[in-house]
Amino acid sequence: HCELQEHKQWYQRRVRAELKGLRGNWKDLYRKFIKSPNFEMWFQSKRTEANQRLELLHIEQLCEADIYSWKADKHEVEIVDMLLWIRDRYDALGRLGTHCELQEHLRHHLVSLMEVVPTDMQATIRPAFTL
């Protein structure tokens, strides 16, 4: 425990010493950070986090969409395209963590859209939509 505390204090002194000359000089501070080996890892982490959040927000909006009205005047190809897209979003939820409520909404959308697909087409595409 003491060794860890000493290392922590040493590290804090080291960081303070490095930053001492940078007080008020934010451009240099940011320039050093951007050139440091930690920047790329930090940036990728933040980018991934932002993309996942955007993807989740997009899926939430899709779940709130009125799919019943949307499908009313669509052609078969548009409906099949939407089925494929929703299935992809459903799979994405698996990567984003457990979102059972959102998965249930997407499942209902898939069932609703499948109802308007012709029977012969249903037999062809149904295996891809078994959840």
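Above this text you will find the structure in question.
Computed from a prediction, not measured in an experiment: that's the story for all the values here.

Trainee: Mind showing me how you'd approach the packing of aromatic side chains here?
Mentor: The description of an aromatic ring pair rests on the distance of the ring centres and on the angle between the ring planes. Tallied over the entire structure, the rule returns 4 aromatic pairs. Geometrically, the ring pair formed by F33 and W42 is edge-to-face, given 5.4 Å between the ring centres and 75 degrees between the ring planes. Aromatic side chains F39 and W42 sit 5.9 Å apart centroid to centroid with 35 degrees between the ring planes, which places their arrangement in the tilted category. Of this pair, F39 and W42 both sit in helix 3 (residues 37–64), 3 residues apart, roughly one helical turn.

Trainee: Got a minute to help me understand the side chain of K71 in this structure?
Mentor: Assignment of secondary structure puts K71 in the loop between helix 4 (67–70) and helix 5 (76–96). If sequence neighbours within four positions are ignored, K71 has contacts with I79, S112, L113, E115 and V116.

Trainee: Quick question: what am I supposed to make of the nonpolar core here?
Mentor: A general feature of soluble globular proteins is that nonpolar side chains tend to end up buried together. Within the largest apolar cluster, 21 residues are counted, with the highest numbers of intra-cluster contacts made by I59, L83, I86, L106 and L113. Of all the secondary-structure elements, those providing two or more residues to this core are helix 3, helix 5 and helix 6 (100–114). Of all the elements, helix 5 adds the most residues to this core, at 9 residues. Sequence-distant contacts of I59, that is, excluding residues within four places in its chain, are made with R89, A92, L93, L96, L102 and L106.

Trainee: How should the pattern of salt bridges be read in this particular structure?
Mentor: When charged atoms on two side chains of opposite charge get close, those side chains can pair. Counted according to the given criterion, the structure contains 8 salt bridges. R87 is the partner of D91 in a salt bridge, and the nearest nitrogen-oxygen pair spans 3.1 Å. Of this pair, D91 and R87 both sit in helix 5, 4 residues apart, which is roughly one turn of the helix. Among the residues examined, D91 registers a relative accessible area of 38% and is labelled partly exposed.

Trainee: Got a minute to help me understand the side chain of Q122 in this structure?
Mentor: Here Q122 is to be found in helix 7 (residues 119–125). Relative accessible area serves as the criterion here: at 15%, Q122 is assigned to the buried category. Here M114 takes part through its backbone oxygen, which lies 2.7 Å from a polar atom of the side chain of Q122. In this structure Q122 touches M114, E115 and V117, once residues within four positions along its chain are discounted.

Trainee: Help me out: how do you make sense of the packing of helix 3 against helix 5 in this one?
Mentor: Helix packing for two helices is described by the angle between their axes and how far apart those axes are. Contact geometry for helix 3 and helix 5: axes closest at 11 Å, N-to-C directions at 135 degrees. Relative to helix 5, the element helix 3 is oriented oblique. The two elements helix 3 and helix 5 cross, and the hand of that crossing is left-handed. For the pair helix 3 and helix 5, contact is made by Q52, E55, L56, H58, I59 and L62 and by W85, I86, R89, A92, L93, R95 and L96, respectively. Residue classes in the contact of helix 3 with helix 5 are distributed as 8 nonpolar, 2 polar and 3 charged.

Rules of the game
Residues numbered from 1 in each chain as written. Predicted model: local features only at pLDDT ≥ 70, side-chain atom pairs only at ≥ 80, totals over all residues. Heavy atoms only, no water. Phe/Tyr/Trp six-rings, centres within 6.5 Å; stacked < 30°, edge-to-face > 60°. Helix = DSSP H or I, 4+ residues; strand = E, 2+ residues; numbered from the N terminus. Contact = heavy atoms within 4.5 Å. Core = buried A, V, L, I, M, F, W, Y, C linked by side-chain atoms within 4.5 Å. Buried < 20%, exposed > 50% of the residue type's maximum accessible area, 1.4 Å probe, protein only. Salt bridge = Lys/Arg side-chain N within 4 Å of Asp/Glu carboxyl O. Polar contact = N/O pair within 3.5 Å; in protein donor to acceptor, adjacent residues only side chain to side chain. Axes fitted to C-alpha atoms, helices over the stretch in contact; angles between N-to-C directions. Parallel < 35°, antiparallel > 145°, perpendicular 65-115°, else oblique. Left-handed = near helix turned anticlockwise from the far one by under 90°. Nonpolar A, V, L, I, M, F, W, Y, C, P; charged D, E, K, R; others polar.

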